[in-house]
Amino acid sequence: MKNSLKFFILLIVIILFFRGFFYRSLISYVDNGTRENIALTNPDLINLIDTELKSKNTIYNLETIANTADKITRNTLKFSSSQVSKNPNDIFYSHKTNCVGYAAMFNSIANYIIINQNLQNEIQCHHKIGQLHLLGKNIHPFFDSPFFKDHDYDVILSKSEDNEIAIDPSVSDYLGIRRIRASN
C-alpha cells in the first residue's frame, strides 16, 4: 500500500510538472478562421500596458510579446461561461469573459505592443477561431452546447523567420499551459 501511494503521488507530480507536454501531445487546435483585432481605446488598459513596457528593459520579440500579453491577460481576466462582452476595452473593467474574450484581450495587447515597439513589419498576431482535436479527432461534434461550437486562441508569428507561437490565453490562465499546438 505504501509503495502504491508513493507511485500515485509521483505520477501526479510528473503529470503536473509536464502538463504542457501532455496537453500538446494530446490536444491540437485546427484553424477554422480568424477574428478581427479590436483596437485598444481604454485609457486604463493602455496605461497598464505602457507601465508594464516601461518596467522592462528588454528587446521585444515573439517570446517577450507573448509573455507580456499573456501576463496582463491572466492578471486581468476571470473565466465566465455566461454571455459577456468580448471587447477588451469593456472586459478590462468587468474582468469576466469566455475564451473569445481572453483571445481578443491577448490579441489586442499583443498588437498594441507590436505597434508600440514599431514591429509591424516583423511580427503579426492573429486571433484564431479553431476546433480542438484530441489525438487527431475533432471533439466538438460530441457536445451539444453552443459553448463548444469552436474555441479561440492566438498565434504570433515572425514574418522574417519561420517561427510562431500559439497560445490559448484561457488555458494559460486556468491550467498554466503557456503554449499550445496549432495547425492550419
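Digging into the packing of helix α4 (residues 62-76) against helix α6 (residues 99-116)
Turning to step 1, where the next piece is worked out: Following both chains from N to C, one finds α4 and α6 inclined at 135°, their axes separated by 9 Å at the closest point. In terms of their interaxial angle, α4 and α6 are classed as oblique. Considering the relative orientation of α4 and α6, their crossing is right-handed. Here α4 contributes Ile 65, Ala 66, Thr 68, Ala 69, Asp 70, Ile 72, Thr 73 and Thr 76 to the contact with α6, which in turn contributes Tyr 102, Met 105, Phe 106, Ile 109, Ala 110, Ile 113 and Ile 114.
Turning to step 2, where the next piece is worked out: For the contact of α4 with α6, the residue count by class is 11 nonpolar, three polar and one charged.

A closer look at the pairing of strand β6 (residues 151-158)
Turning to step 1, where the next piece is worked out: With seven of its eight residues buried, β6 lies for the most part within the structure.
Turning to step 2, where the next piece is worked out: Count of turn residues in the β6/strand β7 (residues 163-167) antiparallel hairpin: four residues.

Re the pairing of β7
Turning to step 1, where the next piece is worked out: Across five bridges, β6 lies against β7 in antiparallel orientation. Residue pairing in the sheet places Val 155 in a bridge with Ala 166 of β7.

So, the side chain of Ser 170
Turning to step 1, where the next piece is worked out: Along the chain, Ser 170 turns up in helix α7 (residues 169-175).
Turning to step 2, where the next piece is worked out: Side chain to side chain, Ser 170 and Asp 168 meet in a polar contact 2.8 Å long.
Turning to step 3, where the next piece is worked out: Setting aside its immediate chain neighbours within four residues, Ser 170 contacts Phe 79, Cys 99, Tyr 102 and His 151.

With respect to a nonpolar patch on the surface
Turning to step 1, where the next piece is worked out: Among the surface-exposed residues, Leu 10, Leu 11, Ile 14, Ile 15, Phe 17, Phe 18, Phe 21, Phe 22, Leu 26, Leu 134 and Leu 135 lie close enough to one another that they form a single nonpolar patch of about 1,100 Å² accessible area.
Turning to step 2, where the next piece is worked out: Elements that contribute at least two residues to the nonpolar patch include exactly α1 (2-17) and α2 (19-26).
Turning to step 3, where the next piece is worked out: For the nonpolar patch, the element with the highest residue contribution is α1, accounting for five residues.
Turning to step 4, where the next piece is worked out: Its location among the elements puts Leu 11 in helix α1.
Turning to step 5, where the next piece is worked out: The class of Leu 11 is partly exposed, set by a relative accessible area of 36%.

What about the confidence of the model for the chain?
Turning to step 1, where the next piece is worked out: Mean pLDDT over the chain stands at 88; residues scoring 70 or higher make up 96%.
Turning to step 2, where the next piece is worked out: Mean pLDDT across the elements of the chain bottoms out in α1 (74) and peaks in α6 (95).

Reading the values: rules and limits
Residues numbered from 1 in each chain as written. Predicted model: local features only at pLDDT ≥ 70, side-chain atom pairs only at ≥ 80, totals over all residues. Heavy atoms only, no water. Axes fitted to C-alpha atoms, helices over the stretch in contact; angles between N-to-C directions. Helix = DSSP H or I, 4+ residues; strand = E, 2+ residues; numbered from the N terminus. Parallel < 35°, antiparallel > 145°, perpendicular 65-115°, else oblique. Left-handed = near helix turned anticlockwise from the far one by under 90°. Contact = heavy atoms within 4.5 Å. Nonpolar A, V, L, I, M, F, W, Y, C, P; charged D, E, K, R; others polar. Buried < 20%, exposed > 50% of the residue type's maximum accessible area, 1.4 Å probe, protein only. Pairing = 2+ DSSP bridges. Polar contact = N/O pair within 3.5 Å; in protein donor to acceptor, adjacent residues only side chain to side chain. Patch = residues over 30% accessible without salt bridge, like charges linked within 9 Å, V, L, I, M, F, W, Y side chains within 5 Å. Areas by Shrake-Rupley, 256 points an atom, 1.4 Å probe, with all protein chains shown as cover. Salt bridge = Lys/Arg side-chain N within 4 Å of Asp/Glu carboxyl O. pLDDT = per-residue confidence, 0-100.

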